[in-house]
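# Structure at a glance
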Amino acid sequence: MTNNNRFSMIFADEFENNLYKLSKKYRNIKADIKPIIEQLLKGDILGDRFSGFGSDIYVYKVRVKNSNIQKGKSGGYRLIYLMESETSILLLTIYSKSQQEDITINQINAILDEFNS
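Since we're looking at a predicted model, the values are computed, not measured. (Residues numbered from 1 in each chain as written. Predicted model: local features only at pLDDT ≥ 70, side-chain atom pairs only at ≥ 80, totals over all residues. Heavy atoms only, no water.)

## Section: the nonpolar core
Among the nonpolar cores identified, the biggest contains 23 residues, and Ile33, Leu40, Leu79, Tyr81, Ile89, Leu91 and Ile94 are the most heavily contacted of them. Broken down by secondary-structure element, the contributors of at least two residues to this core are α1 (13-25), α2 (29-42), β3 (58-64), β4 (77-83) and β5 (88-96). Here the element with the most residues in this core is α2; it accounts for six residues. If near-sequence neighbours (up to four positions away) are discounted, Leu40 is found in contact with Phe7, Met9, Leu46, Tyr81, Ile89 and Leu91. Core analysis: the second largest hydrophobic core is formed by 13 residues, Ala12, Phe50, Val59 and Leu82 among them. (Core = buried A, V, L, I, M, F, W, Y, C linked by side-chain atoms within 4.5 Å. Buried < 20%, exposed > 50% of the residue type's maximum accessible area, 1.4 Å probe, protein only. Helix = DSSP H or I, 4+ residues; strand = E, 2+ residues; numbered from the N terminus. Contact = heavy atoms within 4.5 Å.)

As structure tokens, then:
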């Protein structure tokens, strides 16, 4: 079986921990994010790029619908990822918009620092 995906995907501990915690409250979270992950693995660039990281660091925020609540994407999840290279994606974190307003550049840098240590 051949892998047609252009990208490899790495999960930061922060992402895995948050996904686990969110899955306790929102049972459909894995099904909700699966299409996003599949699109990223195909090479699609999704979401809005964060500014403030410099021109050579590509961090994106994707809005994902939470099918457990009836609020659409605006009240859903935020999935934060880093394009590490032309072939590698690092999923940094995921959070529910109802539990956390926005993520700061400092918070993202802390996740990156922890991952790189």
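## Quick notes on the pairing of β3
Direction of pairing for strand β2 (residues 48-49) relative to β3: antiparallel, over a ladder of two bridges. Residue pairing in the sheet places Arg49 in a bridge with Tyr60 of β3. Where β3 meets β4, seven bridges bridge the pair, whose relative direction is antiparallel. Its bridge partner lying in β4, Val64 is registered against Tyr77. (Pairing = 2+ DSSP bridges.)

## Structural notes on helix α3 (residues 105-116)
The first and last C-alpha atoms of α3 sit 16 Å apart over 12 residues, in line with the 16 Å expected at 1.5 Å per residue. Where α3 is buried, its residues contact α1, β3, β4 and β5. (Expected span 1.5 Å × (residues − 1).)

## Here's the deal with the packing of α1 against α2
Closest axis-to-axis distance for the α1/α2 pair is 9 Å, and the angle between their directions is 135°. The angle between the axes of α1 and α2 places the two elements in the oblique class. Taking contact as the criterion, the partners of Phe15, Leu19, Leu22 and Ser23 in α1 are, on α2, Ile29, Lys30 and Ile33. A breakdown of the residues in the contact of α1 with α2 according to their chemical character gives five nonpolar, one polar and one charged. (Axes fitted to C-alpha atoms, helices over the stretch in contact; angles between N-to-C directions. Parallel < 35°, antiparallel > 145°, perpendicular 65-115°, else oblique. Nonpolar A, V, L, I, M, F, W, Y, C, P; charged D, E, K, R; others polar.)

## Some details on the sheet that holds β5
Taking strand neighbours across the sheet as the criterion, the five strands line up as β1-β5-β4-β3-β2 in an open arrangement whose pairing is mixed. If you trace the sheet from one side to the other, it starts and ends with β1 (8-11) and β2, each paired once. Where α1 meets the sheet, it contacts β1, β4 and β5, and its direction lies at approximately 35° from that of β5.

## Thoughts on the pattern of salt bridges
All chains considered together, the criterion is met by four salt bridges. Across the pair Lys61 and Asp102 runs a salt bridge, and its minimum N-O distance is 3.8 Å. Here Asp102 lies in the loop between β5 and α3 and Lys61 lies in strand β3, a separation of 41 residues in the sequence. A salt bridge links Glu101 to Lys97; its shortest N-O distance comes to 3.8 Å. Given a relative accessible area of 57%, Glu101 falls into the exposed group. (Salt bridge = Lys/Arg side-chain N within 4 Å of Asp/Glu carboxyl O.)

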